[in-house]
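Chain by chain, the residues run as shown.
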Amino acid sequence: MAQNPRTSETESAPMTGRNSGLTRRNYVRSLAAVATATTAIGGAGSAAAKDDYEVIKAQGQTITIDAGQTWENKLIDMTTGQDIVITAHSSDWTIRNIGFKGENQSATGTATFGISDTAGGTCTVENVYLGDGASTGNGNPNGHGQTAFWVAPDHSGHIDFKNVNIQGFADNAIYGSAPGNKGGGTIHIDSSFAANCYVSHFRLATEGSKITNSSVYVDSSEGYVGRGIWAWAPGTIEVENCQLEMNGQNNAIVAGANGNPTEVVVKKSDYDKQAGIAEHSGSNVKLGQKVGTSPEAVIPDGVPTSPEEAASGASN
């Protein structure tokens with residue numbers, strides 16, 4: 001099976017959340033509705049007519065999304081205990097209404113999505129649920145495990161993430177820093193939620209990239225202590241209208257890595273003062289107006305809270 005490259009804490013090559021909802025100041029385990037479709041699966045998958053989405057059993061396969069293609073309305077059954085890899089390394093593709101049911105327990109420790117726009121176009125990742133997480137037992141020798149989204153170094157276009165829910169992954173939720181010193185493509189994460197991941201939750205590097213209207217939450221009892229936002233060089237990275245509720249775990253915002261500085265501009269957001277801000281290698285985190293230290297992380301409106309809700313597009 002083709003796999004996405006991996007990385008350690010360097011950028012030489014790259015390294016997907018528990019089924020839970022979050023209301024203000026309360027981390028509440030929710031029970032996802034069980035899909036009524038029980039259609040037998042063969043090959044890539046078969047349609048579940050009643051719910052208007054396709055069910056695909058994870059069987060170690062790789063699904064490739066080509067240029068201009070829209071891949072949508074899929075429920076990925078991870079209860080098989082095996083992995084699935086979705087790759088999109090082309091241009092102007094769309095990934096929409098995708099729900100993953102069950103924890104990723106595979107031993108590969110790669111990335112569920114390996115993506116990039118390699119021709120300067122614009123791609124979209126919208127309404128995706130990865131809220132059932134990945135087992136801490138699927139780690140690689142570098143000490144980390146499954147990444148939800150990995151953006152390849154050759155990314156030269158733009159990717160819009162919207163209404164994405166990623167929780168409980170043993171590695172980065174959205175690992176988007178690799179293009180910083182190569183392809184130079186940009187990423188916009190909007191109205192999304194990440195919780196209880198390791199290494200980092202939102203990780204970006206290229207100027208013009210930003211995170212808006214989104215939340216990060218870390219429950220200290222879960223054991224995952226990833227950084228809230230990690231900005232790599234060269235930047236600048238923009239953060240606006242975000243809530244970073246870390247409960248004292250790791251840092252809310254980290255700027256700089258591998259001896260290289262960057263800049264983060266923060267507006268109209270709240271971050272956990274106890275977790276704080278880290279500036280490495282001459283980096284600078286600029287706190288603008290209406291930046292506070294009383295974060296109240298929420299799952300933004302429109303973000304799916306179950307695999308079925310995502311796959312059917314109900315959250316839209």
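Reading guide: rules and limits
- Residues numbered from 1 in each chain as written.
- Predicted model: local features only at pLDDT ≥ 70, side-chain atom pairs only at ≥ 80, totals over all residues.
- Heavy atoms only, no water.
- Helix = DSSP H or I, 4+ residues; strand = E, 2+ residues; numbered from the N terminus.
- Buried < 20%, exposed > 50% of the residue type's maximum accessible area, 1.4 Å probe, protein only.
- Areas by Shrake-Rupley, 256 points an atom, 1.4 Å probe, with all protein chains shown as cover.
- Phe/Tyr/Trp six-rings, centres within 6.5 Å; stacked < 30°, edge-to-face > 60°.
- Lys NZ or Arg CZ within 6 Å of the ring centre and 35° of its normal.
- Pairing = 2+ DSSP bridges.
- Salt bridge = Lys/Arg side-chain N within 4 Å of Asp/Glu carboxyl O.
- Contact = heavy atoms within 4.5 Å.
- 1 Å grid on protein atoms, 1.4 Å probe; cavity = no way out; pocket = protein on both sides within 12 Å on 5 of 7 lines; lining within 4 Å.
- Points joined across faces, edges and corners; volume = space filled by probe spheres on them.
- Nonpolar A, V, L, I, M, F, W, Y, C, P; charged D, E, K, R; others polar.
- Polar contact = N/O pair within 3.5 Å; in protein donor to acceptor, adjacent residues only side chain to side chain.

Caption draft 1: The overall build of the protein, seen in detail. Looking only at helices and strands, the protein features one helix and 26 strands. Evaluated residue by residue, the protein yields a buried proportion of 59% over its 316 residues. Surface summary for the protein: the accessible area is close to 11,400 Å², and the carbon and sulfur share equals 44%.

Caption draft 2: Spatial organisation of the packing of aromatic side chains. Tallying each qualifying case throughout the model produces four aromatic pairs. Ring centres 5.7 Å apart and planes at 75° place the aromatic pair Phe-100 and Phe-113 in the edge-to-face group. Highlighted residues: Phe-100 in strand β8 (residues 94-101) and Phe-113 in strand β9 (residues 111-117), separated in sequence by 13 residues. With respect to burial, Phe-100 and Phe-113 carry one shared label: buried. Measuring from centroid to centroid gives 4.5 Å for Phe-113 and Phe-149, while their planes differ by 15°, and the two rings are stacked. With Phe-113 in strand β9 and Phe-149 in strand β11 (residues 147-151), the pair connects residues that are 36 residues apart, well separated along the chain. One exposure class covers both Phe-113 and Phe-149, and it is buried. When the ring centre of Tyr-175 is taken as reference, the NZ or CZ atom of Arg-203 above it lies at 4.0 Å. Taking the ring centre of Trp-230 as reference, the NZ or CZ of Arg-227 above it sits at 3.8 Å.

Caption draft 3: Representation of the environment of Gly-133 within the structure. Among the secondary structure elements, Gly-133 is positioned in the loop between β10 (122-130) and β11. Gly-133 gets classed as buried once you look at its relative accessible area, which sits at 4%. Distance in space between the C-alpha atoms of Gly-133 and Thr-147 is 9.8 Å, their sequence separation being 14 residues.

Caption draft 4: View of the pairing of strand β5 (residues 61-64). Side-chain alternation along β5 places Gln-61 and Ile-63 on a buried face and Thr-62 and Thr-64 on a face that remains uncovered. Examined bridge by bridge, β5 and strand β7 (residues 84-90) share four bridges and lie parallel to one another. Bridge pairing in β7 links Thr-62 to Val-85.

Caption draft 5: Fine view of the pattern of salt bridges. As enumerated under the stated definition, the model contains seven salt bridges in all. Taking the shortest distance from any N to any O, the salt bridge between Glu-126 and Arg-96 comes out at 3.5 Å. Of the two residues, Glu-126 is situated in strand β10 and Arg-96 in strand β8; the sequence distance between them amounts to 30 residues. The partner of Lys-182 in a salt bridge is Asp-154, with the nearest N and O atoms 3.1 Å apart. Placement of Lys-182 in the loop between β13 (174-176) and β14 (186-190) and of Asp-154 in the loop between β11 and β12 (158-167) is noted, with a sequence separation of 28 residues between them. Assessed through its relative accessible area of 59%, Lys-182 is described here as exposed. Through salt bridges with shared partners, one network takes in Glu-72, Arg-96 and Glu-126.

Caption draft 6: Fine view of the environment of Lys-210. Mapped onto the elements, Lys-210 comes out in strand β17 (residues 210-212). It is 7.9 Å that separates the C-alpha atoms of Lys-210 and Glu-240, two residues lying 30 residues apart in sequence. Excluding its chain neighbours within four sequence positions, the residues that come into contact with Lys-210 are Ile-187, His-188, Ile-189, Leu-204 and Glu-238.

Caption draft 7: Broad picture of the layout of surface pockets. In this structure, the largest pocket spans a volume of roughly 170 Å³. Every residue lining the largest pocket is counted, 10 residues in all, and those nearest its centre are Asn-213, Ser-215, Asn-241, Gln-243 and Val-298. Classifying every residue of the lining of the largest pocket by side-chain character gives two nonpolar, six polar and two charged.

Caption draft 8: Quick look at the side chain of Thr-206. Within the secondary structure, Thr-206 sits in strand β16 (residues 200-206). Separated by 2.6 Å, the side chain of Thr-206 and the backbone oxygen of Gly-185 make a polar contact. With residues up to four places along the chain from it excluded, the contact list for Thr-206 reads Pro-179, Gly-180, Gly-184, Gly-185, Thr-186, Gly-235, Thr-236 and Ile-237.

It is worth stressing that arrangement in space is one thing and function is another; only the former is reported here.
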